[in-house]
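# Overview (structure and organization)
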Amino acid sequence: MNARPLLIGSLGFAAVSVVAFSLWAFGGRWFHSHGGDAAMYSAIAVAFLGLTGVVLHKLVRGERPLARFYAAFVPAFFAYAVVWCLAWFVIKGSPGEWVGSLAGSLVFSAVVMKRMGATTAILNTGLIVFVAHSLGYFLGGKVMYGILGGCCADLFAGWSREQIKIVAMLGWGLLYGLGFGAGIGIAFDRAQRE
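### Remarks on the nonpolar core
Among soluble globular proteins, nonpolar side chains are generally buried collectively. One finds F108, Y176 and F188 to be the most contacted residues of the largest nonpolar core, which totals 46 residues. Of all the secondary structure elements, the ones that give two or more residues to this core are α1 (3-33), α2 (36-56), α3 (65-90), α4 (93-115), α5 (122-148) and α6 (161-193). For this core, the element with the most residues is α6, which contributes 12 residues. Setting aside residues no more than four positions away along its own chain, F108 makes contact with F73, A76, F77, Y80, F180, I184 and A187.

### Considerations on a nonpolar patch on the surface
A grouping of F78, V82, L86, V90, I91 and V99 is seen on the molecular surface, where their side chains present a nonpolar patch of about 550 Å² in accessible area. It is α3 that provides the largest number of residues to the nonpolar patch, a total of four residues. By the element assignment, V82 lies in helix α3. With a relative accessible area of 36%, V82 lands in the partly exposed category.

### Regarding the packing of α4 against α5
For the pair α4 and α5, interaxial distance at closest approach is 8 Å and the crossing angle is 135°. In this view, α4 runs oblique relative to α5, as classed from their interaxial angle. Classified by chirality, the crossing of α5 by α4 is right-handed. Where α4 approaches α5, its residues E97, W98, S101, L102, S105, L106, S109, A110, M113 and K114 are matched on the opposing element by I122, L123, T125, G126, L127, V129, F130, H133, S134, Y137 and F138. A breakdown of the residues in the contact of α4 with α5 according to their chemical character gives 12 nonpolar, seven polar and two charged.

### Here we look at unusual backbone geometry
Despite not being glycine, R64 has its phi angle at roughly 50°, a positive value. Position of R64 among the secondary structure elements: in the loop between α2 and α3. Despite not being glycine, K92 has its phi angle at roughly 70°, a positive value.

### Some remarks on the environment of A191
Here A191 shows up in helix α6. The buried category is assigned to A191, whose relative accessible area is 3%. Spatially, the C-alpha atoms of A191 and A118 are 5.1 Å apart, while their sequence positions differ by 73 residues. Those residues in contact with A191, other than ones at most four positions away along the chain, are V112, M113, M116 and A118.

### A word on the pattern of salt bridges
Pairing between side chains of opposite charge can happen when the charged atoms of each approach one another. Under the counting rule described, the total for this entry stands at two salt bridges. Notably, a salt bridge pairs R61 with D189, separated by 3.4 Å at the nearest N-O pair. Of this pair, R61 sits in the loop between α2 and α3 while D189 is found in helix α6, placing the two residues 128 residues apart along the sequence. Linking D189 and R193 is a salt bridge whose minimum nitrogen-to-oxygen distance equals 2.7 Å.

Rules of the game
Residues numbered from 1 in each chain as written. Predicted model: local features only at pLDDT ≥ 70, side-chain atom pairs only at ≥ 80, totals over all residues. Heavy atoms only, no water. Core = buried A, V, L, I, M, F, W, Y, C linked by side-chain atoms within 4.5 Å. Buried < 20%, exposed > 50% of the residue type's maximum accessible area, 1.4 Å probe, protein only. Helix = DSSP H or I, 4+ residues; strand = E, 2+ residues; numbered from the N terminus. Contact = heavy atoms within 4.5 Å. Patch = residues over 30% accessible without salt bridge, like charges linked within 9 Å, V, L, I, M, F, W, Y side chains within 5 Å. Areas by Shrake-Rupley, 256 points an atom, 1.4 Å probe, with all protein chains shown as cover. Salt bridge = Lys/Arg side-chain N within 4 Å of Asp/Glu carboxyl O. Axes fitted to C-alpha atoms, helices over the stretch in contact; angles between N-to-C directions. Parallel < 35°, antiparallel > 145°, perpendicular 65-115°, else oblique. Left-handed = near helix turned anticlockwise from the far one by under 90°. Nonpolar A, V, L, I, M, F, W, Y, C, P; charged D, E, K, R; others polar.

Okay, here's the thing in structure tokens:
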């Protein structure tokens, strides 16, 4: 495996993820009185869908990389988001997160692979994306809740509770983006190697 898609995916999607998570970190209170969680999650999804191609289209080789990236990524990410949200809202809690991570990663990979013309290694790729996604998502959550729980109090001496909360939330976005981005890079690379 070439390290280039892994680096482009992880670093690029991490940047997009921090921007998207900033809607939650800085706008959570606003969304609470302007459409609630549904509006906030929708805005975050739009940020992911709109910005990811600008940053990650270099994962696609050949002609029209931006159009071809979006043609695969948009339906894949939309399917991932729907499956993940269903698991989160129906199953709830940690089991819902794990089911969402697995099912979302599998559906994301299947759509990317099919849209890019791959016919084999779909399940294998989905499991790799699941591992990368889960590492980023769950490690990010642990870091966020650890910071909010006071694990790094000396590091944040003199900071307000709100400032610490924002850093913790954006930290989750960064780690989620690094993990899922690595999976995205791998999925696009494997799809084109077919």
